[in-house]
2 protein chains.
Amino acid sequence: PNESARQEASRYLDTLTKPMRSLGRLEELAVQLAGITGTLPLDVMRKAIVVMAADHGVCKEGVSAYPSEVTSQMVMNFLNGGAAINVLARQAGADVVCVDMGVNADLQHESLYVRKVKRGTGNIAIGEAMSRDEAIAAIGHGIELAEELAEKGYRLFATGEMGIGNTTPSAAMLAVLAGIEVEQAIGRGTGIDDIAMKRKRDAIERAIAVNRPDAEDPLDVLSKLGGLEIAGLVGVILGAAARGCPIVIDGFIASIAALTAARLAPQSLSYMIPSHVSQERGHRLVLEQLGLEPMMDLKMRLGEGTGAALCFNLVDAAVLIMKEMATFEGAGVSRE
Amino acid sequence: PNESARQEASRYLDTLTKPMRSLGRLEELAVQLAGITGTLPLDVMRKAIVVMAADHGVCKEGVSAYPSEVTSQMVMNFLNGGAAINVLARQAGADVVCVDMGVNADLQHESLYVRKVKRGTGNIAIGEAMSRDEAIAAIGHGIELAEELAEKGYRLFATGEMGIGNTTPSAAMLAVLAGIEVEQAIGRGTGIDDIAMKRKRDAIERAIAVNRPDAEDPLDVLSKLGGLEIAGLVGVILGAAARGCPIVIDGFIASIAALTAARLAPQSLSYMIPSHVSQERGHRLVLEQLGLEPMMDLKMRLGEGTGAALCFNLVDAAVLIMKEMATFEGAGVSRE
């Protein structure tokens, strides 16, 4: 981050008609944006929510409340504009960029970005999710996509995902990356009952025992336990950071991608903007691992990028405060 | 609230393409709006942020970091569109309704609503803030204003305030209404140092000792310890509720008005929408007294209605989810 731009933003904020720092996180956001972009953030940014989808072999273990085909059905819903993320993206003035990273179906739509590495991961309860090369390929697609979108003029990104079963690989990755018990890392995902929760815990424990991931090697953890949409989002985050673009992090699964990105390239952390804390139990732990504090607590657990989309309003607010507020001098207000 | 409209909204939300209840607070908001308005909330509401301003005699005790004249200077800033609340209101598509409830200056502007009860309260450290009749008059102005705005087509309200020194009466009211120690109720307001904090605590302790407010009589607490903008906002909240309009509650001072309204008319509580929790120490306690849980934690402490304005985005999101999301059936997505 550009330290002099941060300081300039901070000084400018102190000239505006409000008690110093009284806009809290909005001011921190404005300073962060200045550091990322190297200039005072005075223009609302063009926004893209990258929603990556993939299927998960571990669904065979009965870890989700929904059947796997819902992944591809929901991708079509995204493309037709009817999902929650479409509604919230429209509200935020953002575009949804829907990417097939590894859905177990042949999807075709003029707006779909097809970057399919393979048709779903392997069942992590009995083997690796993907090879190391496949994980690297998925990350590469994400980086290239961020590049491509930045070329098109997008300046603010958000992470979204869809993949029935994907809280299971995310919880497995969290347990290993944070060095915590599986029990602490798992939650109810789309809304599973106690019996499915037991299957989920068992599947993750077997996945860790069978795959023996190296907690010090994020790529090893990602390829053995992760998902293709998670790997793709790691790439999107790294690509956005490399292009000097801020990226808003959504819920549990997106935050696992963020944690992986931060482990691979710690500098990427300063480009991340946390949004909300979800109801999925492990999310708060991931955010703590990242050292990011959520701005909203909306008891959501939908994913798709929905929390990040709502956060765009706060990012815009930070910019508009910088752009439009009067100074003490200009408004004739006494400073003390 | 209309229970059958609430149930209809709840049932409809369960047909939309998302796990049940996975949009958390947004779904709760949609159900609350249905209960308030008696119909499915399918239209984005016209919004007004009522920013009430008044001066405080207790400023003579040195309880604020800013001089009293900043109240009227900031009112002019609101009217000229340069304050934080103007920026955030424009972003939210809301109008700022600026009201002089008791500023210690003769303010004139074509957009200013003048409902001045008197030029600032008395110094609560040595006597009552206002008479009981003055408190009732201020509440009456607030109720009438809500009526007037509802007639003009506004359907969603928010509370804002400006009054140098007004965290002091608010903390005094909180200590009495919640039955807690003054020490727990006070915070740093616009940013006072330890010496001013001691003066603030002393002033409140004297105010309670001198005025002997009756904790069971909200009007007695309001008139002896409160402020004219606080009393006005009590009226706005009651008036909005009476007209069947939801009202978003901002920070510490607005929440004290909400607590007073709820004590006077408990049914008004179901019309209130909490927004954020501020940095001002007593705010969380007031929200607990109200049984309201904040949706955002932005470390803000500005007032003016800024947190409520940011919350409008969430209220709109709840409406748009109802209005625009596809159903499982319509999108051909499997339910389980």
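Residues numbered from 1 in each chain as written. Chains lettered and ligands numbered in written order. Predicted model: local features only at pLDDT ≥ 70, side-chain atom pairs only at ≥ 80, totals over all residues. Heavy atoms only, no water.

Once that is clear, we can look at the domain arrangement of chain A. Residue and element names in this part refer to chain A. Under the domain assignment, chain A is made up of domain 1 (3-42 + 321-331) and domain 2 (47-316). Computed over C-alpha atoms only, the centres of domain 1 and domain 2 are separated by 32 Å. Listed as interface residues are seven residues of domain 1 and, on the opposing side, 13 residues of domain 2. Interface area for domain 1 against domain 2, summed over the two sides, is near 810 Å², with a carbon-plus-sulfur share of 65%. Summed over the three residues of domain 1 that lose the most area to domain 2, namely Arg25, Leu29 and Ile36, the buried surface amounts to 62% of that side. Across the domain 1-domain 2 interface, the total number found is zero salt bridges. If you look at where domain 1 meets domain 2, you find three residue pairs in polar contact (both at pLDDT 80 or more). For the side of domain 1 that touches domain 2, the class distribution of residues is four nonpolar, two polar and one charged. (Domains from an automatic or database assignment. Contact = heavy atoms within 4.5 Å. Buried area = accessible area lost by both parts, 1.4 Å probe. Salt bridge = Lys/Arg side-chain N within 4 Å of Asp/Glu carboxyl O. Polar contact = N/O pair within 3.5 Å; in protein donor to acceptor, adjacent residues only side chain to side chain. Nonpolar A, V, L, I, M, F, W, Y, C, P; charged D, E, K, R; others polar.)

Spanning twelve residues, helix 3 (residues 69-80) of chain A covers 17 Å between terminal C-alpha atoms, matching the ideal 16 Å at 1.5 Å per step. Extensive coverage of helix 3 of chain A is indicated by the burial of nine of its twelve residues. Residues of helix 3 of chain A that are buried in the fold lie against strand 1 (47-54), helix 4 (84-92), strand 2 (94-102) and strand 4 (156-162) of chain A together with helix 14 (328-331) of chain B. Within two residues after helix 3 of chain A, Gly81 of chain A carries a phi angle of roughly 85°, on the positive side. (Helix = DSSP H or I, 4+ residues; strand = E, 2+ residues; numbered from the N terminus. Expected span 1.5 Å × (residues − 1). Buried < 20%, exposed > 50% of the residue type's maximum accessible area, 1.4 Å probe, protein only.)

Judged by pairing direction, the sheet is parallel, and its six strands sit side by side in the order 3-2-1-4-5-6 (chain B) without closing on themselves. Sheet topology places strand 3 (113-114) and strand 6 (272-274) of chain B at the edges, where each strand pairs with a single neighbour. (Pairing = 2+ DSSP bridges.)

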